[in-house]
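Single-letter residue listing:
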Amino acid sequence: MSKIYSNKLVNATKMVKDAHTNKYAIGHFNINNLEWTKSLLEAAQESKTPIIIATSEGAIKYMGGLKTIVGMVNGLLEELNITVPVALHLDHGQSVEMAKKCIEAGYSSVMFDGSHLPYEENVAKVKELMEFANDHEVSVEAEIGSIGGEEDGVVGEGELGDPLQAEEMSKYGISMLAAGIGNIHGKYPDWWKSLSFETLEKLQNACKLPMVLHGGSGIPQDQVEKAIKLGISKINVNTELQLSFRDATRKYIEEKKDLDDHTKGFDPRKLMAPGSKAIKDTFLELTKWFGCQGKAK
C-alpha cells in the first residue's frame, strides 16, 4: 500500500539515521496550536533544519482531532512553502489502535509506548503495529524502560532500560528506540543530577539504533552533547517551549500592552506574537545544541 500522508510530510527514518551516523540529533517539538506549529515550521525553514513536530494524545483532543491537525499541518507546509524535511509524529501513543488511527489520518511517524506493559505484551504490540506501519511507509518509535515523570496522565517512575530488551526490540524493524536513562518528563527537580550515560552506552551497544531522549527540556548542554555522541539521535522538547511562551506572554501582559486600545494590543495576533517569537528563539538555541541546523538538503 502506498503512503497516504502528504507529499510534503516525510517519515522520520532517514532523518534519524542520518543523525545517528553523523552524531547529531533531530529535534522533536510538541505542538499545541496553530501559532506553535507555524512558529516551529518557519524557524526550521529559516535555519534549514529538519524537524519532527508531534502531538500527544491529549494535544490531539485539545486541538480538535486528527483531521484538524493533519489538515492544518499540510496547509501550513504548502502555504509557507516549507521545503525542509518535516515529519508529523504521534508522541507516547498508548495503544496500537491510536497509532493506526494517526497513520490513517495522515501522520508520517508514530510512537507506541508499551513501556508500562509487561515486556512480552509490549513486543507483541510493536510487531502488530510494524506490519501496519510498513504498509503505509510510516516510521515507528518504541519504548522500553519507562521515562520518569508524567505524560498525559501516564506516570513513569524512571526505570532504566534493559540492554537485552533493547537488542531484541531492535530486530523488529523500528526506526528508533526510546529507553529510560534517568530522564524525566516536565521540569527537572532540584535533586536531579544527571543522565545515566553508562546505561545509554550499554543500550546503544545492544540495539545499534537511533535512540530517543524524552524529557529533553532542561537537561544541561554538556549532557545533551555527550548523549548525542553516545547514540541519542532524536531529542523531545515540550516543556521548554511552554515555559518560554509563558515568560514572553507574561512580560507582554505585565507591561500592560494588552490594555492599549489605540494599538489594539488585545488583538489575539498581538497577544500571541511575543510567545510565538519566543518559541522560534528557543528552537534556534536548542537545535544549535543538537547540531541539526543546516542539515536539511
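From a predicted model like this one, the values you see are computed outputs, not experimental measurements. (Residues numbered from 1 in each chain as written. Predicted model: local features only at pLDDT ≥ 70, side-chain atom pairs only at ≥ 80, totals over all residues. Heavy atoms only, no water.)

Q: Which residues make up the UniProt feature "active site" (unreviewed entry) in the chain, and what values do they have?
A: Mapped onto this numbering, the UniProt entry gives "active site" (unreviewed entry) at Asp91. Considering the arrangement of structural elements, one finds Asp91 in strand S3 (residues 86-93). (UniProt positions renumbered as here; feature names shortened; annotations may be inferred. Helix = DSSP H or I, 4+ residues; strand = E, 2+ residues; numbered from the N terminus.)

Q: Now, about the packing of aromatic side chains: what can you tell me, with residues and values included?
A: What the rule picks out here adds up to two aromatic pairs. Ring centres 5.0 Å apart and planes at 50° place the aromatic pair Phe29 and Phe283 in the tilted group. One end of the pair, Phe29, is in strand S1 (residues 26-30); the other, Phe283, is in helix H11 (residues 268-290), and 254 residues separate them in sequence. Take Phe29 and Phe283: they sit in the same class, and that class is buried. The cationic tip of Lys226 hangs over the ring face of Phe197; the distance from NZ or CZ to the ring centre is 4.5 Å. (Phe/Tyr/Trp six-rings, centres within 6.5 Å; stacked < 30°, edge-to-face > 60°. Buried < 20%, exposed > 50% of the residue type's maximum accessible area, 1.4 Å probe, protein only. Lys NZ or Arg CZ within 6 Å of the ring centre and 35° of its normal.)

Q: I'd love a proper account of the packing of helix H10 (residues 239-254) against H11, names of residues and values included.
A: Where H10 contacts H11, the axes come no closer than 8 Å and their chain directions differ by 140°. The hand of the H10/H11 crossing is right-handed. Taking contact as the criterion, the partners of Glu240, Leu241, Ser244, Phe245, Ala248, Thr249, Tyr252 and Ile253 in H10 are, on H11, Lys270, Leu271, Met272, Pro274, Gly275, Ser276, Ala278, Ile279, Thr282, Phe283 and Leu286. Counted by class, the contact of H10 with H11 contains 12 nonpolar, five polar and two charged residues. (Axes fitted to C-alpha atoms, helices over the stretch in contact; angles between N-to-C directions. Left-handed = near helix turned anticlockwise from the far one by under 90°. Contact = heavy atoms within 4.5 Å. Nonpolar A, V, L, I, M, F, W, Y, C, P; charged D, E, K, R; others polar.)

Q: A description of the pattern of salt bridges should follow, citing residues and the corresponding values.
A: A complete count under the given rule lists 13 salt bridges for this structure. Between Glu141 and Lys234 there is a salt bridge, with the nearest N and O atoms lying 2.8 Å from each other. Residue Glu141 is located in strand S5 (residues 139-144), and its partner Lys234 is located in strand S10 (residues 232-237); the two are separated by 93 residues in the primary sequence. Each member of the pair, Glu141 together with Lys234, is buried. (Salt bridge = Lys/Arg side-chain N within 4 Å of Asp/Glu carboxyl O.)

Q: Can you break down helix H6 (residues 119-135) residue by residue, with the values?
A: Owing to its 3.6 residues per turn, the α-helix brings residues three or four apart onto one side. Taking 1.5 Å of rise per residue, the 17 residues of H6 would be expected to cover 24 Å, and the 25 Å separating its terminal C-alpha atoms lies within 8% of that figure. Looking at H6, one finds that the buried residues are Tyr119, Asn122, Val123, Val126, Leu129, Met130, Phe132 and Ala133. For H6, the secondary structure elements touched by its buried residues are helix H5 (96-105), strand S4 (109-112), S5 and helix H7 (163-169). Of the residues one or two after H6, Glu137 is the one with positive phi, at around 60°. (Expected span 1.5 Å × (residues − 1).)

Q: Explain the layout of surface pockets to me, using residue names and the numbers behind them.
A: There is about 260 Å³ of room inside the largest pocket. Forming the walls of the largest pocket are Val10, Asn11, Lys14, Met15, Asp18, Asn22, Tyr24, Ile26, Pro50, Pro85, Lys295 and Lys297. Of the residues contributing to the lining of the largest pocket, the split by class is six nonpolar, two polar and four charged. What the second largest pocket holds in volume is close to 190 Å³. (1 Å grid on protein atoms, 1.4 Å probe; cavity = no way out; pocket = protein on both sides within 12 Å on 5 of 7 lines; lining within 4 Å. Points joined across faces, edges and corners; volume = space filled by probe spheres on them.)

Q: Residue-level account of the UniProt feature "binding site: Zn(2+) 2" (unreviewed entry) in the chain, with values.
A: Here the UniProt feature "binding site: Zn(2+) 2" (unreviewed entry) sits at Asp113 and Glu143. These annotated residues cover 31 residues of sequence, and their C-alpha atoms lie no more than 5.4 Å from one another, placing them together at a single site. Mapped onto the elements of the fold, Asp113 is located in the loop between S4 and H6. On the basis of relative accessibility, which here comes to 4%, the residue Asp113 falls in the buried class. Ignoring anything within four residues of it in the chain, the contact list for Asp113 reads His92, Gly93, Gln94 and Glu143. Residue position: Glu143 is located in strand S5. If we skip the residues at most four places from it in the chain, Glu143 touches His92, Met111, Phe112, Asp113, Gly114, Ser115, Asn122, Leu177, Ala178 and His214.

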